[in-house]
2 protein chains.
Amino acid sequence: MMHEFEIYLRAYINLNGGDLDRIWALAVPKAVRRNEFLLREGDICRHKTFVMNGLLRTFGKTADGNEHILQFSPEHSWTLDAESYDHQQPSSYNIAAIENSEVLLWSKADFDGLLADIPELKSLAEQLISRNIYSGRRRLLTALSATPEEKYHEFVQSFPGLLARLPLHMIASYLGISIKTLTRIRQAQLRR
Amino acid sequence: MMHEFEIYLRAYINLNGGDLDRIWALAVPKAVRRNEFLLREGDICRHKTFVMNGLLRTFGKTADGNEHILQFSPEHSWTLDAESYDHQQPSSYNIAAIENSEVLLWSKADFDGLLADIPELKSLAEQLISRNIYSGRRRLLTALSATPEEKYHEFVQSFPGLLARLPLHMIASYLGISIKTLTRIRQAQLRR
DNA sequence: CGGAAAAAAGGTCATTTGACCATATTTTCG
DNA sequence: CGAAAATATGGTCAAATGACCTTTTTTCCG
């Protein structure tokens, strides 16, 4: 089980064995079943989460009860609500498993310690944050400017591997379009 | 001119005089005239930018030539294209002045040096990045889920001071709706 | 395996939205 | 100041979209 995570880490940073062991020693493995929540809005996000395998989603709810997916987190990605985690305050978002998944959890206290002591890890964290900002910008521009069809194509291009693992209504939710519109787009594709 | 910037900095972090002087000494003041570009897509974003006064906008262009505003940067805020700046690679975005503005510029080399030497500044930078992520999430959720009317109200609530300084078509561009729709919303308000 | 639940697709219709155009008003700047 | 540009508003219309509902298909899980 270490194996997976070790491969991931080593792909990004050079760590000596001791640091790796320490990071690993503080990680709490957890199995999350399909549809189980890792975080519910109103709760405080207490952990950094690394997805070893499976697939999670982060979503917000609107007043009328609709769900809108902000992010998919497949294997070898991280997830949390940063605002809730950083300030240990109630979250506005939900994180739930789409597939049965295995994750690693670190408490904020533990992870802060690791970040302080292991510069390579700190640098990885900063890289992840940066990429988060870059992709967030692109996503926003798409949300503002693209037609539903363009959004769908961009999604397929960007996450070819996720397409087959997601129910369509979640893709629609992620794109901010109705499932009806998504179905129409896909039908139009077929007829070509 | 230092004054403005000093007030800003001191509001967020405690700096000894020497550090403040050093930050200031490396800053290049620049006046940007209305409609002038600070960054054009395709160019490399070479500076961190602090807006002393005035108002800038960051926007992307779609294939059909439409502009979509990602961010307004009024006085006492920072702006750049992080992706272009971090990797010194061509940008996909544009930054231009809406009002005549005065900004401070730091080259990446200089600012990296400051960040490395002044932990307080580093901590401020991290705070800014975090807030960027938080607000980006909220903005995305709004873009995905809100009606044009809700988007407009949220904008007015969030940036009451900007409303009077912006042409409506820029607000529409920021919200991802047509100016026609925005006009309709505002007319409906009046009639109540 | 089989029944129940979830997901996808299809039909219909009202509404919203944007495109296009013209016009009035304001602002800019030489 | 005054011409030109920018901005805001208004009208009209077609198209896209979502809401609601039903039917079919697939998936899940005991």
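Below, the structure is looked at part by part. (Residues numbered from 1 in each chain as written. Chains lettered and ligands numbered in written order. Predicted model: local features only at pLDDT ≥ 70, side-chain atom pairs only at ≥ 80, totals over all residues. Heavy atoms only, no water.)

## Notes on the overall build of chain A
The number of helices and strands found in chain A is nine helices and six strands. For chain A, whose C-alpha radius of gyration is 18 Å, the value lies close to the compact-globule estimate of 16 Å for 192 residues. By its C-alpha atoms, chain A is 60 × 35 × 30 Å across when sized along the principal axes. In chain A, once contacts between residues fewer than 6 apart in sequence are set aside, the share between residues at least 24 apart is 69%. (Helix = DSSP H or I, 4+ residues; strand = E, 2+ residues; numbered from the N terminus. Rg over C-alpha atoms; globule rule 2.2 N^0.38 Å. Contact = heavy atoms within 4.5 Å.)

## Digging into the protein's contact with DNA strand C
Around DNA strand C sit 13 residues in total, of which Leu168(A), Lys180(A), Ser178(B), Thr181(B) and Arg184(B) are the nearest. For DNA strand C, the backbone makes up 60% of the atoms found within 4 Å of the protein, where backbone means sugar plus phosphate. Between DNA strand C and Lys180(A) there is a distance of 2.7 Å, counted from a base nitrogen to a side-chain nitrogen or oxygen. Residues belonging to the surface near DNA strand C are distributed by class as follows: four nonpolar, five polar and four charged. (Near = heavy atom within 4 Å. Polar contact = N/O pair within 3.5 Å; in protein donor to acceptor, adjacent residues only side chain to side chain. Nonpolar A, V, L, I, M, F, W, Y, C, P; charged D, E, K, R; others polar.)

## Focus: the protein's contact with DNA strand D
As a structural note, the neighbourhood of DNA strand D is formed by 13 residues, with Pro148(A), Ser178(A), Thr181(A), Arg184(A) and Lys180(B) the closest of them. Each atom of DNA strand D within 4 Å of the protein was classed as base or backbone; sugar and phosphate made up 56%. Contact between DNA strand D and Arg184(A): a base nitrogen at 2.8 Å from a side-chain N or O atom of the residue. Leu168(B) is positioned with one of its backbone polar atoms (N or O) 2.8 Å from a phosphate oxygen of DNA strand D. Of all elements in the fold, only helix 9 (179–190) of chain A together with helix 8 (168–175) and helix 9 (179–190) of chain B reach the threshold of two or more residues within the surface near DNA strand D.

## Things to note about the relation of the copies chain A and chain B
Once chain A is rotated about the relating axis by 180 degrees and shifted along it by 0.0 Å, it coincides with chain B to within an RMSD of 0.0 Å. Here the symmetry operator amounts to a two-fold rotation axis. Taken as a fraction of all interface residues of chain A, those also at the interface in chain B reach 100%, which identifies the copy contact as same-surface. (Least-squares fit on C-alpha atoms with pLDDT ≥ 70 in both.)

## Structural notes on the interface of chain A and chain B
Tallying the contact residues gives 32 residues for chain A and 32 residues for chain B. Summed over both sides, the interface of chain A with chain B buries roughly 2,700 Å², with 61% coming from carbon and sulfur. Scanning the region where chain A abuts chain B turns up four salt bridges. Note that Lys122(B) is salt-bridged to Glu126(A), the shortest N-O span being 3.0 Å. There are nine residue pairs in polar contact (both at pLDDT 80 or more) connecting chain A and chain B. At the level of secondary structure, the elements contributing two or more residues to the side of chain A that touches chain B comprise strand 3 (47–61), strand 4 (67–74), helix 3 (82–87), helix 5 (119–145) and helix 8 (168–175) of chain A. Per-element tally for the side of chain A that touches chain B: the top contributor is helix 5 of chain A, with 15 residues. (Buried area = accessible area lost by both parts, 1.4 Å probe. Salt bridge = Lys/Arg side-chain N within 4 Å of Asp/Glu carboxyl O.)

## Focus: the pairing of strand 3 (residues 47–61) of chain B
All names here are of chain B. In terms of residue burial, strand 3 counts as a mostly covered element, since twelve of its 15 residues are buried. Bridge analysis of strand 3 against strand 5 (residues 77–79) gives three bridges, and the strand direction is antiparallel. Considered in strand 5, the bridge of threonine 49 is made with threonine 79. Taken together, the seven bridges between strand 3 and strand 4 (residues 67–74) define a ladder with antiparallel strand orientation. Across the sheet, residue lysine 61 finds its bridge partner in strand 4, namely glutamate 67. Counted along the chain from strand 3 to the antiparallel partner strand 4, the turn is five residues long, and its residue glycine 65 has a positive phi close to 90 degrees. (Buried < 20%, exposed > 50% of the residue type's maximum accessible area, 1.4 Å probe, protein only. Pairing = 2+ DSSP bridges.)

## Topic: the nonpolar core
Core analysis: the biggest nonpolar cluster contains 33 residues, and Phe5(B), Leu9(B), Ile23(B), Phe50(B), Trp106(B), Phe111(B) and Leu121(B) have the highest contact counts within it. Counting only elements with at least two residues in this core, the list comes to helix 1 (2–12), helix 2 (17–26), strand 3, helix 3 (82–87), strand 6 (94–107), helix 4 (108–117) and helix 5 (119–145) of chain B. Those residues in contact with Trp106(B) that lie beyond four places of it in its chain are Phe5(B), Ile23(B), Leu26(B), Ala27(B), Arg46(B), His47(B), Lys48(B), Phe50(B), Trp78(B), Phe111(B) and Leu114(B). If you look at the next biggest cluster of nonpolar residues, it comprises 31 residues, including Ile13(A), Cys45(A), Phe111(A) and Ile118(A). (Core = buried A, V, L, I, M, F, W, Y, C linked by side-chain atoms within 4.5 Å.)

## As for the pairing of strand 6 of chain B
All names here are of chain B. Of all 14 residues making up strand 6, ten are buried, and the element is well covered by its neighbours. Here two bridges tie strand 2 (residues 37–39) to strand 6, and the two strands are oriented antiparallel to one another. Its bridge partner being in strand 6, phenylalanine 37 is matched across the sheet by alanine 96. One ladder, built from eleven bridges, connects strand 3 with strand 6; its direction is antiparallel. Paired with valine 51 across the strands is valine 103, a residue of strand 6.

## Description of the side chain of Ser101(A)
Residues and elements named next belong to chain A. Here serine 101 shows up in strand 6 (residues 94–107). Residue classification places serine 101 among the buried positions, given a relative accessible area of 3%. A polar atom in the side chain of serine 101 sits 3.0 Å from the backbone nitrogen of leucine 55. Once residues lying within four places of it in the same chain are set aside, the contact partners of serine 101 are Lys30, Ala31, Val32, Asn53, Gly54, Leu55 and Leu56.

## Structural notes on helix 6 (residues 148–158) of chain A
Residue and element names in this part refer to chain A. Among the residues making up helix 6, those that are buried are Lys151, Tyr152 and Phe155. Considered in projection along helix 6, the buried side chains sweep an arc of 95 degrees and stay on one side of the axis. Buried residues in helix 6 make contact with strand 4, helix 5, helix 7 (160–163), helix 8 and helix 9. (Arc of directions from axis to C-beta.)

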